[in-house]
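In case you want the letters, here they are:
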Amino acid sequence: MKQLTRFLAIMFVCILAGNVIAQSEEQPLLVVSFQKVKMSDIGSMNKIINEKFAPILNSLVDDKMLLGWGLFNHAWGDEWNVNVWYTVKDMAAFDKFWDEYMKRISEKQPDAWKELRGYIQEHKDNIYTIMNQYPMPPSK
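On a predicted model such as this, the values are computed, not experimentally measured, just so you know. (Residues numbered from 1 in each chain as written. Predicted model: local features only at pLDDT ≥ 70, side-chain atom pairs only at ≥ 80, totals over all residues. Heavy atoms only, no water.)

J.: Please set out the side chain of arginine 104 residue by residue, giving values where relevant.
T.: For arginine 104, the location among the structural elements is in helix H3 (residues 91–108). Within polar-contact distance, the side chain of arginine 104 engages the side chain of serine 59 at 2.9 Å. Once residues lying within four places of it in the same chain are set aside, the contact partners of arginine 104 are Ile56, Ser59, Leu60, Asp63, Met65 and Gln109. (Helix = DSSP H or I, 4+ residues; strand = E, 2+ residues; numbered from the N terminus. Polar contact = N/O pair within 3.5 Å; in protein donor to acceptor, adjacent residues only side chain to side chain. Contact = heavy atoms within 4.5 Å.)

Written out as C-alpha cells, the structure reads:
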C-alpha cells in the first residue's frame, strides 16, 4: 500500500510539474537585455539603438512578431545602465521573433552589433513570465 501511495504521489507531482511548465511556455514574456556601459557612452549607445535597431524592431511590431519593445536607461539603483526590453506572446513567439530580428539586422545593418558591442562592458539577458499586466497583451 505504501508503494502505491508513493507511486501515486510521484505521478501527481510529475503531472502538476508538466502543467506548470506547459502553462509557463504559453504565458506572455518580458525579455530584458541589460548592458553595463561607461556613463560617457550612454548617449552613443542610445543613438545606435535608436538609429539602427529601432526601425527594425518597429517593423517587427508592425509585422506582429513582437508585442512591443523599448529602451530604458539607468536612473538610479544599479550599474546596468542601457537596457532594452521586448514583450512577446510566448516562448515560441520569442524564438521566431529573435531569428527574424537577427536576420534583418545582419541584412540591413551588418556592422550594428559590432559597433554596439564596442561600448558594452558587460551584458546579461533575463526572460520573465508576465503574470499580471493591465491591459493584458492579446493572446492570439
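J.: Which residues make up the packing of aromatic side chains, and what values go with them?
T.: For the structure on display, the rule yields eleven aromatic pairs. On the basis of an interplanar angle of 15 degrees and a centroid distance of 5.4 Å, the ring pair of phenylalanine 97 and tyrosine 101 is categorised as stacked. In this pair, phenylalanine 97 and tyrosine 101 both sit in helix H3, four residues apart, roughly one turn of the helix. For the pair phenylalanine 97 and tyrosine 101, one class covers both residues: buried. The rings of Phe53, Tyr86, Phe94, Phe97, Trp98, Tyr101 and Trp113 are connected pair by pair, giving a single aromatic cluster. In this structure, lysine 36 is placed above the aromatic ring of tryptophan 80, and the distance from its NZ or CZ to the ring centre is 4.6 Å. (Phe/Tyr/Trp six-rings, centres within 6.5 Å; stacked < 30°, edge-to-face > 60°. Buried < 20%, exposed > 50% of the residue type's maximum accessible area, 1.4 Å probe, protein only. Lys NZ or Arg CZ within 6 Å of the ring centre and 35° of its normal.)

Structural measurements only, silent on function.
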